[in-house]
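Next come the chains, spelled out residue by residue.
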Amino acid sequence: MTDQSGRRRLLRGAIAAAGASALPLFSIAQGSGQVLRLGYIGPGKKPANATGWALRQGHLQRELAALGFTDVTTRNFPNGPDLNEAFIAGALDVGIYGDTPAIVARSRGLESQLIGFDAVGMNVWLLTPRNGVRSVKELDGKSIGVARGSYMHRYVLGLLKEHGLQKSVKVIHMFPRDGEAALDQGSIAAFAAQIDVGPLLASRGYPVIDEAEQHPTLRGTSVIVASSKLLAAAPGVPAAWTRARRTALQEIRRDSAAYYAFHAEVSGFPLDVVRVSHPLSQFSEAAYPAEGLALLDEVKKFLLAENLVSRDFALAQWRAPEA
């Protein structure tokens, strides 16, 4: 998949089922006794970040109880495209995932609204096999592994464009769990790893030849997106979520050691890796921080410019009103 059309097909996998408009969307009944269904990305047994802490401490449950929700159930997904398909099928009410698949899905017609940011300015680590290439330029004619439709995927496409390599480097879909084996076997020249995975692989001796932090507009965000039908039935959800996250963040900043211990526990990653991957500066108490909105706009402009999505939309109309 070395040509431009191949790259488009790869990223368009982010919402392979989005064209199936006949699929049922959400069915949220009015009244009490509802369970809110939350999807998130990652290998962890529970969500982390501020929303995860708000769940652990019961802040989110208390806020939602006033709206008639009796509980919150969580389900993890390996990547954004899979979470999008669950959204489209009506299996989720709220999703926390990367900006790129969320924007692609919205552009293709997913009835959803942005209700907040879980993290802003996420890094990507571009790693190589031991004794592999030593620079991005040396990737010419070689292959990169990355999870398709992810914020890491957009970073890879943007990086290759910056270096004029978009036609000469093969981009291969690869889940994070398979990255280390591919690097160890030398079957790829580089692997674009997300938070947690990147620092972990670096600690095991795989060289890092580039990071998204060196390209500020290619950093990622983790967004909180809700079904429009959920919000029609329970319009107080965005404000309740923001209050719960704000309370959680105040606790996190008072006792970051307790928070990081929790994050390491639920994610399964070593404590030092979690600290590097999730600096508290990435967590904003504001529902719509200016930096997060600016990064979303960069994602949207990039996807449109590369013809990876065809329909533009206004971010101001996507985001739910603040209470």
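So, a few notes on the structure that sits alongside this text. (Residues numbered from 1 in each chain as written. Predicted model: local features only at pLDDT ≥ 70, side-chain atom pairs only at ≥ 80, totals over all residues. Heavy atoms only, no water.)

### Structural notes on the packing of aromatic side chains
The test is simple: Centres within 6.5 Å make a pair out of two Phe, Tyr or Trp rings, where for Trp the six-membered ring is used; the pair is then stacked when the planes are under 30 degrees apart, edge-to-face when over 60, and tilted otherwise. Burial classes follow relative accessibility: with a 1.4 Å probe on protein chains only, a residue under 20% of its type's maximum area counts as buried, one over 50% as exposed, and anything between as partly exposed.
Overall, the coordinates contain seven aromatic pairs when judged by the stated rule. Judged by centre distance (5.6 Å) and plane angle (80°), the rings of Phe313 and Trp318 are edge-to-face. The burial state of Phe313 is the same as that of Trp318; both residues are buried. Taken together, the ring pairs connect Trp53, Tyr259, Tyr260, Phe262 and Phe283 into an aromatic cluster.

### Some points on unusual backbone geometry
For the record, the criterion: Secondary structure elements follow DSSP: runs of H or I of four or more residues count as helices, runs of E of two or more count as strands, with numbering from the N terminus.
A positive phi angle, close to 65°, is found at Asn131, a residue other than glycine. Relative to the assigned elements, Asn131 resides in the loop between β5 (125-127) and β6 (143-146). Judged by relative accessible area, Asn131 falls into the exposed class, the value being 82%. The phi dihedral of Asp196 falls on the positive side, at around 75°, and the residue is not glycine. Topologically, Asp196 is positioned in the loop between β8 (190-193) and α8 (197-203).

### Examining the pairing of strand β10 (residues 220-227)
Selection criterion: We call two strands paired when DSSP finds no fewer than two bridges between them.
Within β10, eight of the eight residues are buried, which leaves it mostly tucked inside the rest of the structure. Sheet topology places strand β3 (residues 94-98) next to β10; five bridges connect them, and they run antiparallel. Bridge pairing in β10 links Gly95 to Val225. Relative to β10, strand β4 (residues 112-122) is paired through eight bridges, and the arrangement is antiparallel. The residue of β10 that forms the bridge with Phe117 is Val223.

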